[in-house]
Every structure is written in structure tokens, then in C-alpha cells.
Amino acid sequence: MIDLNEKWNELADIKDELAARDWFMGTSGNLSIRADKNINGFLVTASGKDKRKRTAEDFLLVDFEGRPIGDTVLTPSAETLLHCEIYRSTEAGCSLHVHTVANNVVSEIYGDEGVIVFQGQELIKAFGLWDENAALTIPIIPNHAHIPELAKEFQQHIHGDKGAVLIRNHGITVWGKDGFEAKKLLEACEFIFQYHLSLIQIKNAIQFPKQTLSI
Ligand SMILES: CSC[C@@H](O)[C@@H](O)C(=O)COP(=O)(O)O
Ligand SMILES: [Zn+2]
């Protein structure tokens, strides 16, 4: 149980840090961390909570099918199945899902293409992409309301122990080998999205200065 407490605190600390960035608007977002091997499951955020608050009911333990382990009155996140897909098919230790304006806007702009590619951006190195011409490709999937369908689509884009998938006009899910890596990847993605949107706006303002002034 001591080990589970450690995981609990690790996830709670990550939740606090993401909350400080205001990345849980309107109770959105969900987080999970894999428990030790003897447990065969993971801690996931309880559904519908204000994730800016730190309480004893923030997480519950579920198995890799998303079913609560042990007695609880808590309901696992509505999107637990996406976390299950990650833990079932990789060795990842942590998965983070947030809704931000930047990740939603990027997912809408490039949604029809089903993918966004970033090149020549220092922070793609967070994903281990160190070559000068390396590119980070993030898939964008439709926001199916039926979570098993969403999870099935999501699953097709899990190719390793770290990764990122955008859900169109919904948010991003990022995973890594542990909490540190997952948070690093999430922060890198959000930086790149914000940079990209700022660049588009500034380029437009330079190209169409009168339109910008008349807004
Ligand atoms: C309240 S809107 C957000 C939800 O629909 C969902 O997308 C989300 O991220 C949080 O759901 P939750 O069940 O609390 O994990
Ligand atoms: Zn969500």
C-alpha cells in the first residue's frame, strides 16, 4: 500500500502543477498512473471532479478494463478506456489528458488532415527527436461521443511507451514511461501549439495589416 500511496502522491502533484497552469477548465481532463506490477491496474481521476482541488477522493484504482478494484463510491473518469488502451498495449507508466484552447484550435485547423506535423522546433526533442530534420507527427482523431468507439480509434495511434494524440475539438492525451516524462511531453506539446498559433496570427497580421486594424 505504501507504493500505491507514492503513486497517488506523484499523480496528485502532477495534477496540482497542471491545475496551476489552468489546464482543467470546467472539470475537464483526466490523469492516470500505473500501479506496481503486483496490483495489475492503475490510479485514475474520479469523474467530474474539480481537478484544481486536492482531496482524498481524487483517484481510484481500476483494472486494465477500467473496472474499479475494491469497494468505492467513486466513478472512474468517463475516458478511462483511453488510459486502458495505453496500459494494455505499452509499458507506459502515466497518461495525461487535458483540454486547452491551444490544443482545441490546432486540432480544428488540421482536423480534416487527421494529422499535424512540426519540424524545426526545438521542443520536439522532448519526444527524443534530435535530428536536424526530424519531425513530430501528432495524429488528430474525431471526437466520437461513444467512448468505446473513441478508444478503438485512439488505440490505432499507440505505437510505443510514449506518444501524443489530439482529439478534435476536445483535447490531447499524452503518455510516457513515468509521470515526469508524460508531463514533459504534455508541456512540450502545449508550448509547440501555442507557438504555432501565435506565429499564424503574427504572419496574418503582417500580410493583411488593414484587416487586422479593422477587427
Ligand atoms: C466536463 S467536459 C469534459 C469531459 O466530457 C471529458 O472530456 C473530460 O475530460 C473529463 O471527464 P471526466 O469524466 O471528469 O474524466
Ligand atoms: Zn476530455
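For the structure given in this document, a descriptive report is provided here. (Residues numbered from 1 in each chain as written. Chains lettered and ligands numbered in written order. Predicted model: local features only at pLDDT ≥ 70, side-chain atom pairs only at ≥ 80, totals over all residues. Heavy atoms only, no water.)

Some remarks on a nonpolar patch on the surface
Reasoning step 1: Together, L123, F191, Y195 and L199 make up a nonpolar patch on the protein surface, roughly 330 Å² of accessible area in all.
Reasoning step 2: Summarising the element assignment, L199 is placed in helix α5 (residues 179-207).
Reasoning step 3: L199 gets classed as partly exposed once you look at its relative accessible area, which sits at 32%. (Patch = residues over 30% accessible without salt bridge, like charges linked within 9 Å, V, L, I, M, F, W, Y side chains within 5 Å. Areas by Shrake-Rupley, 256 points an atom, 1.4 Å probe, with all protein chains shown as cover. Salt bridge = Lys/Arg side-chain N within 4 Å of Asp/Glu carboxyl O. Helix = DSSP H or I, 4+ residues; strand = E, 2+ residues; numbered from the N terminus. Buried < 20%, exposed > 50% of the residue type's maximum accessible area, 1.4 Å probe, protein only.)

Describing unusual backbone geometry
Reasoning step 1: Its identity is not glycine, yet D22 carries a phi of approximately 65°, on the positive side.
Reasoning step 2: Relative to the helices and strands, D22 resides in the loop between α1 (2-20) and β1 (30-34).
Reasoning step 3: Since its relative accessible area comes to 38%, D22 is described here as partly exposed.
Reasoning step 4: Positioned with a positive phi, N40 is a non-glycine residue whose angle comes to about 60°.
Reasoning step 5: Mapped onto the elements of the fold, N40 is located in the loop between β1 and β2 (41-45).

Thoughts on the packing of aromatic side chains
Reasoning step 1: One pass over the full model with this rule turns up 5 aromatic pairs.
Reasoning step 2: Seen from their ring centres, F42 and F64 are 6.1 Å apart, and the 25° between their planes marks the pair as stacked. With F42 in strand β2 and F64 in the loop between β3 (59-63) and α2 (80-89), this residue pair connects regions lying 22 residues apart in the sequence. The exposure classification of F42 matches that of F64, with both residues buried.
Reasoning step 3: Consider the rings of F42 and Y87, whose centres lie 4.6 Å apart with planes at 40°: the pair is tilted. One end of the pair, F42, is in strand β2; the other, Y87, is in helix α2, and 45 residues separate them in sequence. Neither F42 nor Y87 differs from the other in exposure class; each is buried.
Reasoning step 4: An aromatic cluster is defined as three or more aromatic residues linked by ring pairs; in this entry it consists of F42, F64 and Y87.
Reasoning step 5: Taking the ring centre of W23 as reference, the NZ or CZ of R21 above it sits at 5.5 Å. (Phe/Tyr/Trp six-rings, centres within 6.5 Å; stacked < 30°, edge-to-face > 60°. Lys NZ or Arg CZ within 6 Å of the ring centre and 35° of its normal.)

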